[in-house]
Structures are given as structure tokens and as C-alpha cells.
Amino acid sequence: MTQENGDLDGLVRKRIRALRVAQGWSLDELATRARLSPSSLSRIENGQRRLALDQLVTLARALDTTLDQLVETDTDDVVVSPMIDSGHAVLRWPIRAEPGMTVMRQRMTTPPPDNPAALRAHSGREWLVVLSGTAVLLLGNRRLRVETNQAAEFPTMLPHAIGTAGGPCEILGIFDREARRGHNAGKAAKTG
């Protein structure tokens, strides 16, 4: 085994133990969840037993993480710069660990549309928090005020739009892959 593989082996064993302890679980509890004997789990954590891929997959599931996260070693791109869309006053950051997910920060200065036909629906989910000001979220037949530091989460299959209430507001949103695609398609239709 190379030094690099030995380092990865030790790192994975430490992560397993750290995640177990963070959950507040004993060896017995994690062993039960992973369908291992407590002594096998102890030997895995202490480096006295070989790490087998099938056991790592089972342990990752039991620890509510992924195999990729359990064995990840790349820490080069920790800081990510935003993609800037100045035409829409938007900053976007991709989430590397969740391909397709995007974080977006936007300053809004206009109220939501008055025309119900302007509401959009598309696949996906959105989560947003108001950083400053007050936002108005039109969601189906509902009109919701979202104040500074309040958040909203909703399925985007409900017709929706967001705007301001009485002045500028700034929001931070997280979009899954389908929601991001729906918004990109909507912008393309407006500019096309």
C-alpha cells in the first residue's frame, strides 16, 4: 500500500468514528444500523480490519452520508467565486458536492406581477431566505410576506413568483437541478 493510500485509509477510519460520535451513537448502535458486529466495527475504526468496499457503502448509508463524502480527499477548490449575471442583479454559486444545485443571491426592486398568468411552474424545489427588506412570494393563490431572516421552501410545480414589498429586498436562494433549469428556461423565454 502506498503512503497516499495509507493516508486515505486512516482518514476514512477517522471519519467513520467522528461521524458515529457526532451522532451520539455507541459502537453497538452504529454496528446494528450497519448490520456489523460491534467488534468488527471497532476493528474497522482502529485499523485492525481491512476496509472492504461493501462495508464502506453500508457504513456510509448507516451514517447518513455518501461513499463519495466518506472517501473524499480533494480540498483544492474550497473557495468558489460567483458567476455574475449583472443584467438580472444575480450572483450564482454552484454546489460542487451536489451537482446541479445552485445558490443564488439577488437584489430585487420590483413587486411581484399582478397578472396570475405571469406566475411560473416547473419541476423542482426552491428554498430562499430574505437577507434584507421584505419579499412577497406569490404561491398558487396565496400571497405571502417573507420578512428579513425568514425563509420559504416550496415545490416549484406550484405557480409562483417573487418580488418586493415597498422597497428593495435581497434574497439568497437554493435551487435543485430541476428548479434551476426551470428558471433558466423562463429567462431564455423572456429574452428570446
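The shown structure was predicted, so the numbers you read here are calculated from the model rather than taken from an experiment. (Residues numbered from 1 in each chain as written. Predicted model: local features only at pLDDT ≥ 70, side-chain atom pairs only at ≥ 80, totals over all residues. Heavy atoms only, no water.)

Strand order in the open sheet made by the six strands is 1-2-3-9-4-7, with antiparallel pairing throughout. Bordering the open sheet on either side are strand 1 (83-85) and strand 7 (151-155), each of which pairs with just one other strand. The sheet shows a mean angle of 20 degrees between the axes of neighbouring strands, direction not considered. With seven bridges joining them, strand 3 (residues 102-108) and strand 9 (residues 169-175) adopt antiparallel strand pairing. Within strand 9, the position partnered with valine 103 by the bridge is isoleucine 174. (Pairing = 2+ DSSP bridges. Helix = DSSP H or I, 4+ residues; strand = E, 2+ residues; numbered from the N terminus. Axes fitted to C-alpha atoms, helices over the stretch in contact; angles between N-to-C directions.)

Turning to unusual backbone geometry, a few remarks are in order. With a phi angle near 60 degrees, aspartate 64 is a residue other than glycine that sits in the positive phi range. In this fold, aspartate 64 is placed in the loop between helix 4 (53-62) and helix 5 (67-71). Owing to a relative accessible area of 70%, aspartate 64 belongs among the exposed residues under this scheme. Residue asparagine 149 is not a glycine yet carries a positive backbone phi of 75 degrees. (Buried < 20%, exposed > 50% of the residue type's maximum accessible area, 1.4 Å probe, protein only.)

Before going further, it helps to spend a moment on the sheet that holds strand 6 (residues 142-146). Across the sheet, which stays open at both edges, the three strands sit in the order 6-5-8 with antiparallel pairing between neighbours. The open sheet has two edge strands, strand 6 and strand 8 (160-164), and neither has a second partner. Taken pair by pair, the neighbouring strands of this sheet meet at an average axis angle of 20 degrees, ignoring direction. Two elements, strand 5 (residues 135-139) and strand 6, share five bridges in a ladder whose sense is antiparallel. Bridge pairing in strand 6 places leucine 137 opposite leucine 144.

Along the chain, glutamate 45 turns up in helix 3 (residues 38-45). By relative accessible area, which is 11% here, glutamate 45 ends up buried. Engagement of the side chain of glutamate 45 in a polar contact is seen with the side chain of arginine 20, the distance being 2.7 Å. If we ignore the near neighbours within four places in the chain, the residues touching glutamate 45 are Arg13, Ile16, Arg17, Arg20 and Leu27. (Polar contact = N/O pair within 3.5 Å; in protein donor to acceptor, adjacent residues only side chain to side chain. Contact = heavy atoms within 4.5 Å.)

Counted by the stated rule, this structure contains five salt bridges. Across the pair arginine 13 and aspartate 9 runs a salt bridge whose closest N-O atoms are separated by 2.7 Å. With arginine 13 and aspartate 9 both in helix 1 (residues 3-23), this residue pair falls four residues apart, about one helical turn. Summarising the burial analysis for this pair, arginine 13 and aspartate 9 share the class buried. (Salt bridge = Lys/Arg side-chain N within 4 Å of Asp/Glu carboxyl O.)

On to the nonpolar core. Within the largest apolar cluster, 16 residues are counted, with the highest numbers of intra-cluster contacts made by Ile16, Leu30 and Leu59. If you list the elements that add at least two residues to this core, you get helix 1, helix 2 (27-34), helix 3 and helix 4. For this core, the leading source of residues is helix 4, giving four residues. With near-sequence residues (within four places) excluded, leucine 30 lies in contact with Ile16, Arg20, Trp25, Leu41, Leu59, Ala62 and Leu63. The next biggest cluster of nonpolar side chains, apart from the first, holds 15 residues, and it includes Val90, Leu137, Phe154 and Phe175. (Core = buried A, V, L, I, M, F, W, Y, C linked by side-chain atoms within 4.5 Å.)

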